[in-house]
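# Residue-level structural notes
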Amino acid sequence: MNAGSSFWGSDSDNNNGYAGSRASTPGLPISRSHSPLPSERPSPPTSASNGGMWPGRKGNGSANIGGYSPARKFLGKHLRKLSTSLPTYSPFSPPYSASYGTPSTPFPHSRLRSCFSLRGSKLNTFLLLVVAFAIFVFTYLHHNPVSSKIRYASGGSKIVIILAANQGGGVMSWKGAKEWAVERDSIANKKAYAERWGYHLEIKDMSTKKRYAHEWRESWEKVDVIKQTMRQHPKAEWFWWMDLNTFIMEPSISLHSHIFKHVQNVTYRDINIYNPLNISHPPSKADFFYLDDISLSPVGDDKAESINLIIPQDCGGFNLGSFLIRRSEWSERLLDIWWDPVGYEQKHMEWEHKEQDALEYLYTSQPWIRTGTAFIPQRMINSFPPGACAETPDDKRIFYDEKDRDFVVNMAGCEWGRDCWGEMAYYRQLSEKLNSGWWKKSFR
């Protein structure tokens, strides 16, 4: 190049009236020549030779000065306003245009922060819902020590299961392997159920003791055991007595949902609904003229609050293999009279079923006992297996039905000619089959 010329052109190239601008590239049209340097943007020319126009631009006056016009400025301003209202792209979109391979417009940091804050609030709400649901399942539906403690604190402590154990053996007879197996399965069944729902479990040794050895009531200890358990658990409300030969078939059902939640609907006060003993009810007004209207009513006051004793009936009358009694002044009075030595000393030779026959006698002769007693269908808490109640083998109100998933089965009388261990093993395996699966084992 010449000394007076440079890459940006020589002095002779500046004769067009805009000194300091880049020269036109040789061989290129003027319209594609280099633009002026940003730091050396020229002012509008005043030379009249070009009519006050920029080189390379043929226009009408100063409306196109610098390529900017009022119309373009107006449109650009409003286009910017319109662009702010358009949907924004995700901050996770690729930073380069997929179609042209050119860098895309950078995402504004303010929008990025607002987008993340919006997404964060929704995400936090979703996570809170998930955590709340997990806590609900773990503490209420799932079977674990934590849920058992919560159920205990929320009402389970008011229920006590009394299990009569060690009925055989002792000074009466030796217990064999089958008797021990029956006792082991029965205790394990009640322990698992009580732990699941937070109930107390009292396992009472029913072997003959010295305190009963000199009296006829050595087979009546059931009443005395209930009184002892009430003293041991002063804050408990309901006590569920269960014989050793009973088995809870549906451990996922609580007593609250099965009975107490709607006790008025699952029990009946009028014994005439099912009366295998043919007890005259209600009491005759001629014989009991001194009774009030509630005592003379077949349903008493018909209120759930007045129910203090819930017992099932089988083909022979009252059955105390599985029954419920509530702590109250009424029940304390009943237990005292029930345990009175006068009754069993005079009637022990007549009452074959001991305290069970005694309760039937008290119910018949003492009208005040009827006002606090309610009956429950036998299959609700005391279903029988085939072989029991041989007098009525086809009575569907008595015998266990697998399709209906009865709550409890009682192998009553199995020691008299039946196989207690065989029946216990059968119903234990059936219960495991009906409640198999991870959901039924781990949840309610």
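Scroll up to find the structure.
Keep in mind the model is a prediction, meaning the values are calculated, not measured.

### Let's talk about the overall build of the protein
Secondary structure assignment for the protein yields 16 helices and nine strands. When contacts within the protein are restricted to residue pairs at least 6 apart in sequence, those whose partners lie at least 24 apart make up 70%. Carbon and sulfur atoms make up 57% of the accessible area of the protein, which amounts to about 26,800 Å² in all.

### Things to note about empty space enclosed by the protein
Under the criterion given, the structure shown has one cavity of 30 Å³ or more. By volume, the largest cavity amounts to about 40 Å³. In terms of lining, the largest cavity is formed by R269, H281, I294, S295, S297, P298, V299, G300, R370 and T371. At the level of elements, α9 (293–296) and α13 (367–371) are the ones that each hand at least two residues to the lining of the largest cavity. Of the residues that constitute the lining of the largest cavity, the class distribution is three nonpolar, five polar and two charged.

### A word on the packing of helix α10 (residues 329–338) against helix α12 (residues 355–365)
For the pair α10 and α12, interaxial distance at closest approach is 11 Å and the crossing angle is 120 degrees. Of the possible angle classes, the one that applies to α10 and α12 is oblique. Like other packed secondary-structure pairs, α10 and α12 cross with a definite hand, here right-handed. Contacts from L334, I337 and W338 of α10 reach α12 at E355, A358, L359 and L362. For the contact of α10 with α12, the per-class residue count stands at six nonpolar, no polar and one charged.

### Concerning the environment of P276
Within the secondary structure, P276 sits in the loop between α8 (263–266) and α9. In this structure, the C-alpha to C-alpha distance between P276 and G316, residues 40 residues apart in sequence, is 6.3 Å. When neighbours within four sequence positions are excluded, P276 is seen to be in contact with Q313, D314, C315 and G317.

### Let's talk about helix α4 (residues 177–197)
A turn of α-helix holds 3.6 residues, and therefore any two residues three or four places apart point the same way. Helix length check: α4, at 21 residues, gives a terminal C-alpha distance of 31 Å against a target of 30 Å (1.5 Å per residue), a fit within 8%. Among the residues of α4, those classed as buried are A181, V182, E183, D185, S186, I187, N189, K190, Y193, A194, R196 and W197. Immediately beyond the C-terminal end of α4, within one or two residues, lies G198, with a positive phi of roughly 75 degrees.

### Observations concerning the side chain of E250
Along the chain, E250 falls in the loop between β4 (246–248) and α7 (255–258). What makes E250 buried here is its relative accessible area of 3%. Within polar-contact distance, the side chain of E250 engages the side chain of R405 at 2.7 Å. Contact partners of E250, with chain neighbours within four places excluded, come to Y193, R405, D406, F407, L434 and N435.

### Details of the state of the cysteines
Here a disulfide denotes one covalent bond, and it connects the sulfur atoms of two cysteines. A full pass over the atoms with the stated rule returns two disulfides. Covalently, C315 is tied to C389 through a disulfide, its sulfur atoms 2.0 Å apart. Handedness here is read from the sign of the S-S torsion; for C315 and C389, about -95 degrees, the answer is left-handed. One end of the pair, C315, is in the loop between β5 (309–314) and β6 (317–318); the other, C389, is in the loop between α14 (378–381) and β9 (408–410), with 74 residues separating them in the sequence. There is a disulfide in this structure between C414 and C420, and the S-S distance comes to 2.0 Å. Taking the sign of the S-S torsion, about 100 degrees here, the bridge from C414 to C420 comes out right-handed. Just as C414 is buried, C420 falls in that class too. When the bonded cysteines of the protein are numbered from the N-terminus onward, they pair as 1-2, 3-4.

### Examining the packing of aromatic side chains
Per the stated rule, a full pass over the model turns up 14 aromatic pairs. A centroid spacing of 5.6 Å and a plane angle of 80 degrees characterise the contact between F318 and Y363, whose relative ring orientation is edge-to-face. Here F318 is found in strand β6, whereas its partner Y363 is found in helix α12, with 45 residues between them in sequence. One exposure class covers both F318 and Y363, and it is buried.

### What to know about the environment of Q366
With respect to the element layout, Q366 can be found in the loop between α12 and α13. Separated by 83 residues in the primary sequence, Q366 and P283 have C-alpha atoms spaced 9.4 Å apart.

### Points about the nonpolar core
Formed by 40 residues in total, the largest nonpolar core has its most connected members in L334 and W338. Within the residue set of this core, elements represented by two or more residues are β1 (159–165), α6 (221–232), β3 (238–242), β5, β7 (322–326), α10, α12 and α13. Excluding residues within four positions of it along the chain, W338 makes contact with W220, V223, L320, E355, A358, L359 and L362. In this structure, I187, Y193, V266 and V408 belong to the second largest nonpolar core, which totals 27 residues.

### Overview of the pattern of salt bridges
Evaluation of the coordinates by the stated rule reveals 14 salt bridges. In this structure, K227 engages D336 in a salt bridge whose closest nitrogen and oxygen atoms are separated by 3.0 Å. Here K227, found in helix α6, pairs with D336, found in helix α10; they are 109 residues apart in sequence, far enough to count as distant. A relative accessible area of 19% means that K227 is categorised as buried. The partner of E423 in a salt bridge is R418, and the shortest N-O contact between them spans 2.7 Å. Through salt bridges with shared partners, one network takes in R379, D401, D404 and D406.

Cut-offs used in this document
- Residues numbered from 1 in each chain as written.
- Predicted model: local features only at pLDDT ≥ 70, side-chain atom pairs only at ≥ 80, totals over all residues.
- Heavy atoms only, no water.
- Helix = DSSP H or I, 4+ residues; strand = E, 2+ residues; numbered from the N terminus.
- Contact = heavy atoms within 4.5 Å.
- Areas by Shrake-Rupley, 256 points an atom, 1.4 Å probe, with all protein chains shown as cover.
- 1 Å grid on protein atoms, 1.4 Å probe; cavity = no way out; pocket = protein on both sides within 12 Å on 5 of 7 lines; lining within 4 Å.
- Points joined across faces, edges and corners; volume = space filled by probe spheres on them.
- Nonpolar A, V, L, I, M, F, W, Y, C, P; charged D, E, K, R; others polar.
- Axes fitted to C-alpha atoms, helices over the stretch in contact; angles between N-to-C directions.
- Parallel < 35°, antiparallel > 145°, perpendicular 65-115°, else oblique.
- Left-handed = near helix turned anticlockwise from the far one by under 90°.
- Expected span 1.5 Å × (residues − 1).
- Buried < 20%, exposed > 50% of the residue type's maximum accessible area, 1.4 Å probe, protein only.
- Polar contact = N/O pair within 3.5 Å; in protein donor to acceptor, adjacent residues only side chain to side chain.
- Disulfide = S-S within 2.5 Å.
- Phe/Tyr/Trp six-rings, centres within 6.5 Å; stacked < 30°, edge-to-face > 60°.
- Core = buried A, V, L, I, M, F, W, Y, C linked by side-chain atoms within 4.5 Å.
- Salt bridge = Lys/Arg side-chain N within 4 Å of Asp/Glu carboxyl O.

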